[in-house]
Structures are given as structure tokens and as C-alpha cells.
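One-letter residues, chain by chain:
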Amino acid sequence: MTALNETHAPGLRSWVPAANLPGSDFPIQNLPFGIFQTADGQPPRGGVAIGDQIFDLGHGASSGLFDAAAQQAALAACADSLNPLMALGQRAQSALRLALSRLLQEGSAQEAAARGCLVPMRAATLHMPVRISNYTDFFTSIYHATNSGRQARPDNPLFSNFKSIPTAYHGRASSIRLSGTPCVRPKGQTLPKGAKDPVFGASRKLDFEFEIGAYIGVGNALGDAIPLANADEHLFGLCLFNDWSARDIQSWETQPLGPFQGKNFLSSVSPWVVTLEALAPFRAPAPDRGADAPPLLPHLHTEADRAQGALDLRMDVLIQTEAMRRDGLAPHVITSPRFADQYWTTFQAIAHHTVNGCNLETGDLLGSGTVSGPRESELGCLKELTVDGTQPVRLPNGEQRAYLEDGDDVIFRARCEREGFATIGFGECTGRVVPAKN
Ligand code: MN
């Protein structure tokens, strides 16, 4: 279990002024990793977000700012993906975090040298942070499972296995792209309501799914399982994840083998990866499983996971339509889920994924599944928010959305807040819907 340490101290301030602003996602207590590039011809490389700046880890390593394990981690970050750093394990990552915290805080003796390693975010291009090996999408929200199940099976919305097993499907890694990648409306086969035969065309039920993505740091050997008690040692960090979904394609194709083309046309990740260590102050009890829940099987149960297996992220989905942009209207929050409401924890997902001997690899991405809570204001996709398009969401300018329309910008944000700790954020994961290709 990642412990609190001096890097989480709420009173820490950075000599980077923007890091201390109340609304900043990247105060000195966060220090998320990403891959960036500057216009000077240097290749993409690892950096850490601090306020409105990026600390260039390779520059820091060559400037003699780190020693021992921190230097090893900074050198590993001199690559075009975070995978070498992720594979090193948490001891080296934690040493680098501690060194960065001391370098970037007010009063640091090395401020002048560290200042030379900063790149303004506005002068950098962000790249995919991780070379994703494999992608698995879970189904961990009981509210999402019940709400979407009710639309298909009003009398029996929740599958009988839901409270016993964290179910998932294997997705596709090749079409996972960085935030900002346009979402081309997918085409496919659908069965229109009341029709006898399927038709082919552009999806009319394009949706987002606000999920939290979990990146695996150190993997496990084929044949070995990761016990729940050790699962946090294998989790490098979290990102915002949009599992764009074409509901009409999905509902026709999904039986019996599960999601395929309704999902694999694009998924989007945020550029910054917030480490599990940064999230230590925001651990929370796993939700109550309900009086009718079967006992948890041993591989899914530890006292520590029940006590602090959840992570308390407050998430927002914003929409800005083409008309809103034209009229200068700000993006509008349409829903605000909470990650701590997920029935299954991220650590249970890791333990379950490997219990049969399946090997997770450095850079694997596990999606949480749509994050939805008990209230109408906490539903993580339009299929739930609009009850499959029958109750459209109203926007402040009078527009309505049953599902996404061409030109819509979808913007995800998340922040972690807890009394007595500095608030940290994830930045954004965005994408604009563009028309289907001919
Ligand atoms: Mn999904």
C-alpha cells in the first residue's frame, strides 16, 4: 500500500508560480509523467508537469540534479514512451518523485539549475505517454451495469455474475490514441428498431464512455498470478480514458462474443499519467457490496482492499457543440461521476486478470468501464444519461443531445480533493466528433 510521505505535504509550494494557483491540476504534490517534444528537433522524451511548465527529465539527468535510484529513473524516462520508466518499478519511480519534489519546491538550493530544465507547456507538443501493449476493458460500475442492463432486460437488469466476478473483454490497443485525436463517426452494420434485416451506414448512436485507465508498470510472468495484496505494486498510474462507443453497432454485434466494432474504431487517453503514489491521499473504502452479495472469493478479498481499494476522483464531462463555439459559449458540464463509486476496485481487476496465469505486461491498459454513480448527475455515458436517446440532454443554448453529433467536442476532466491535502488534477482528455468518411 503506497504510504503518505513528505511529497504529499499540503503546505509544499513550488517556485513555479502557476503550480501554486488554486485551480492548477499540476501542483507540486502531483508530478504526473508524460511524453513531450519541442520544436528544436530533439526527439520526444519524458517530462513531468508542474504548473504550466514541463520538467525535462533527460535534461535533469544530464545536469547532475539526481543521484542513485532517481538518476536511474530519470535516464529511463529519456525515451519516446514511459515504458522503460514504468518497467523499473516503484522504488526507482518513488525516488525520482522525491527528488523532483525537493528540486521544485520553494527554497530549493538547486532552483537555478532546475529552472534550466523547464519547458513551457505551450511550447511543447504532447505525445502518447505509453506504448500500450494490450488493452482490457472492465465493467466495474454496478450503476452502469444496472442502467444499461435495464434497457435490454427490464425484468433482470443485472447479470447474476456481476457481484461475484469483475467481468471484462479484450479490446484493441492499435486504435487507442492521444487526447485531441478527432473521432471519425464510425460506419457499420446495425439493426434499426422494428426492422427485420440489418442495414449499413454511419452510426446514429455515437457515445462517449468516461472511464479511468490504469497502466501496468511491472508485469507478471505467464503462469503466475498477482495476488490482490500485491496488486498496487504493479499499478504505475491512472489516466482519463474515453471509450468512444457506437451503441447501434454494439447492440447488433455483441452477442455472443462481446463488443467489437462498436468500440474499436477509437479510444482516447489523456497525455498525463498520475502515479499511484500521487494518489495516496485519495484512497477510500471500497463501496458496500450490498446485503445480497455472495462472499468474495479469496483472490478478490483483502481487508486492505475493502478499507482503501477505491480511489476518490471527481470527474466531469463537458460538451461544446459547433453552435456553442460559434456563439462563444463555454463548454457545459453534463455529468459528474465519482470513481470511488465503482463496485470493483482497480486492484481487484488486476488480481482477477492474472488469477488464471494471464501475463500482464508493462504498458498494458486496463479500462475501468464506464464510471457511473447512483444519481442522475453521475452517469458516465449518454446511453444512460438519455436512456438510449429517448430523454435528450438539454444544453444551455436550447440545443439537445440524444447522442453525439458531428462537431461536438467532448471534454473529460478529473480532480482529487480531500480536506487536509492539496488538490491534484488529471488535465483533460478531449476529442471532436467529425463526419463519417465516404
Ligand atoms: Mn468501455
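Structure shown above.
These numbers were taken from a predicted model, which means no experiment stands behind them. (Residues numbered from 1 in each chain as written. Predicted model: local features only at pLDDT ≥ 70, side-chain atom pairs only at ≥ 80, totals over all residues. Heavy atoms only, no water.)

Draft legend 1. Here's a closer look at the overall build of the chain. The secondary structure content of the chain amounts to 11 helices and 26 strands. In terms of overall dimensions, the chain is globule-like: its C-alpha atoms have a radius of gyration of 22 Å, near the 22 Å expected for 438 residues. Dimensions of the chain, computed from C-alpha atoms along their principal axes, come out at roughly 70 × 55 × 40 Å. When each of the 438 residues of the chain is scored for burial, the buried share is 55%. Expressed as a percentage of contacts within the chain between residues at least 6 apart in sequence, the contacts between residues at least 24 apart total 74%. Split by element, the accessible area of the chain, about 18300 Å² in all, is 52% carbon and sulfur. A gap of 4 Å separates the mean positions of the 37 positive and 45 negative side-chain charges of the chain. (Helix = DSSP H or I, 4+ residues; strand = E, 2+ residues; numbered from the N terminus. Rg over C-alpha atoms; globule rule 2.2 N^0.38 Å. Buried < 20%, exposed > 50% of the residue type's maximum accessible area, 1.4 Å probe, protein only. Contact = heavy atoms within 4.5 Å. Areas by Shrake-Rupley, 256 points an atom, 1.4 Å probe, with all protein chains shown as cover. Lys, Arg positive; Asp, Glu negative; His and termini not counted. Charge placed at Lys NZ, Arg CZ, Asp CG, Glu CD.)

Draft legend 2. Region of the structure containing the environment of Leu 98. Topologically, Leu 98 is positioned in helix α4 (residues 90-104). Note: C-alpha distance between Leu 98 and Asp 327 (229 residues apart in sequence) is 46 Å. Residues within four places of Leu 98 in sequence aside, it is in contact with Glu 6 and Thr 7.

Draft legend 3. Layout of the packing of helix α2 (residues 68-76) against α4. For the pair α2 and α4, interaxial distance at closest approach is 7 Å and the crossing angle is 100°. Considering the angle they form, α2 stands roughly perpendicular to α4. Of the residues in α4, those in contact with Ala 69, Ala 70, Gln 72, Ala 73 and Ala 74 of α2 are Arg 91, Ala 92, Ala 95, Leu 96 and Ala 99. Its residues assigned to classes, the contact of α2 with α4 shows 8 nonpolar, 1 polar and 1 charged. (Axes fitted to C-alpha atoms, helices over the stretch in contact; angles between N-to-C directions. Parallel < 35°, antiparallel > 145°, perpendicular 65-115°, else oblique. Nonpolar A, V, L, I, M, F, W, Y, C, P; charged D, E, K, R; others polar.)

Draft legend 4. Summary view of the environment of Asn 134. Summarising the element assignment, Asn 134 is placed in the loop between β5 (124-127) and β6 (135-138). In this structure, the C-alpha to C-alpha distance between Asn 134 and Ala 286, residues 152 residues apart in sequence, is 26 Å. The contact partners of Asn 134, leaving out residues within four places of it in the chain, are Ala 173, Glu 361, Gly 363, Asp 364 and Leu 365.

Draft legend 5. Seen up close, the sheet that holds β5. Pairing within the open sheet is antiparallel, and its 5 strands lie in the order β4-β3-β2-β1-β5. Since the sheet does not close on itself, it has two edges, and those belong to β4 (118-120) and β5, each with one partner. In this sheet, neighbouring strand axes are inclined to one another by 50° on average, regardless of whether the strands run parallel or antiparallel. Summarising the sheet, strand β2 (residues 45-50) and strand β3 (residues 53-56) pair through 4 bridges and their orientation is antiparallel. Opposite Gly 47, over in β3, you have Asp 56 as the bridge partner. Across the sheet, α4 touches β1 (33-38), β2 and β3, and the angle it forms with β3 is around 120°. (Pairing = 2+ DSSP bridges.)

Draft legend 6. Structural detail: the layout of surface pockets. The space that makes up the largest pocket amounts to roughly 1500 Å³. Lining of the largest pocket is provided by 50 residues; of these, Ala 152, Gln 250, Ser 251, Thr 254 and Lys 383 occupy positions nearest its centre. When contributions to the lining of the largest pocket are tallied by element, the ones reaching two or more residues are β6, α6 (142-152), β7 (168-170), β10 (187-190), β11 (199-202) and α7 (247-253). Among the elements that take part in the lining of the largest pocket, α6 stands out by supplying 6 residues, more than any other. When its residues are assigned to classes, the lining of the largest pocket shows 20 nonpolar, 18 polar and 12 charged. (1 Å grid on protein atoms, 1.4 Å probe; cavity = no way out; pocket = protein on both sides within 12 Å on 5 of 7 lines; lining within 4 Å. Points joined across faces, edges and corners; volume = space filled by probe spheres on them.)

Draft legend 7. Main features of the packing of aromatic side chains. Scanning the entire structure with this criterion turns up 9 aromatic pairs. The interplanar angle of 70° and the centroid separation of 6.2 Å between the aromatic rings of Phe 55 and Phe 66 together place this pair among those described as edge-to-face. Of this pair, Phe 55 sits in strand β3 while Phe 66 is found in the loop between α1 (57-62) and α2, placing the two residues 11 residues apart along the sequence. By way of ring pairs, the aromatic residues Phe 139, Phe 162, Tyr 343 and Trp 344 are connected into one cluster. Of note, Arg 153 hangs over the ring of Phe 159, and the distance from its end group to the ring centre comes to 3.7 Å. (Phe/Tyr/Trp six-rings, centres within 6.5 Å; stacked < 30°, edge-to-face > 60°. Lys NZ or Arg CZ within 6 Å of the ring centre and 35° of its normal.)

Draft legend 8. Representation of the coordination of the manganese ion within the structure. Here the manganese ion is held by the protein donor atoms Asp 137 (OD), Glu 209 (OE), Glu 211 (OE) and Asp 243 (OD), which lie 2.0 to 2.2 Å from it. Binding-site remark: the manganese ion is held by donors from one chain whose sequence spacing is D-x71-E-x1-E-x31-D. One end of the pair, Asp 137, is in strand β6; the other, Asp 243, is in the loop between β14 (235-242) and β15 (245-246), with 106 residues separating them in the sequence. Both residues of the pair, Asp 137 and Asp 243, count as buried. (Donors = N, O, S within 2.8 Å, 3.2 Å for Na, K, Ca; no water.)

Draft legend 9. Geometry of unusual backbone geometry. The peptide bond linking Gln 255 to Pro 256 adopts the cis configuration, its omega dihedral lying at 5°. Considering the arrangement of structural elements, one finds Pro 256 in the loop between α7 and β16 (267-269). Phi angles above zero are rare outside glycine, and Val 387 is one such case at about 50°. Examined against the element boundaries, Val 387 turns out to sit in the loop between α11 (382-385) and β23 (393-394). On the accessibility criterion, Val 387 (33% relative accessible area) is partly exposed. For Asp 388, which is not glycine, the phi torsion reads 55° and is therefore positive. Following the sequence through the fold, Asp 388 ends up in the loop between α11 and β23. Classification of Asp 388 as partly exposed rests on a relative accessible area of 25%.

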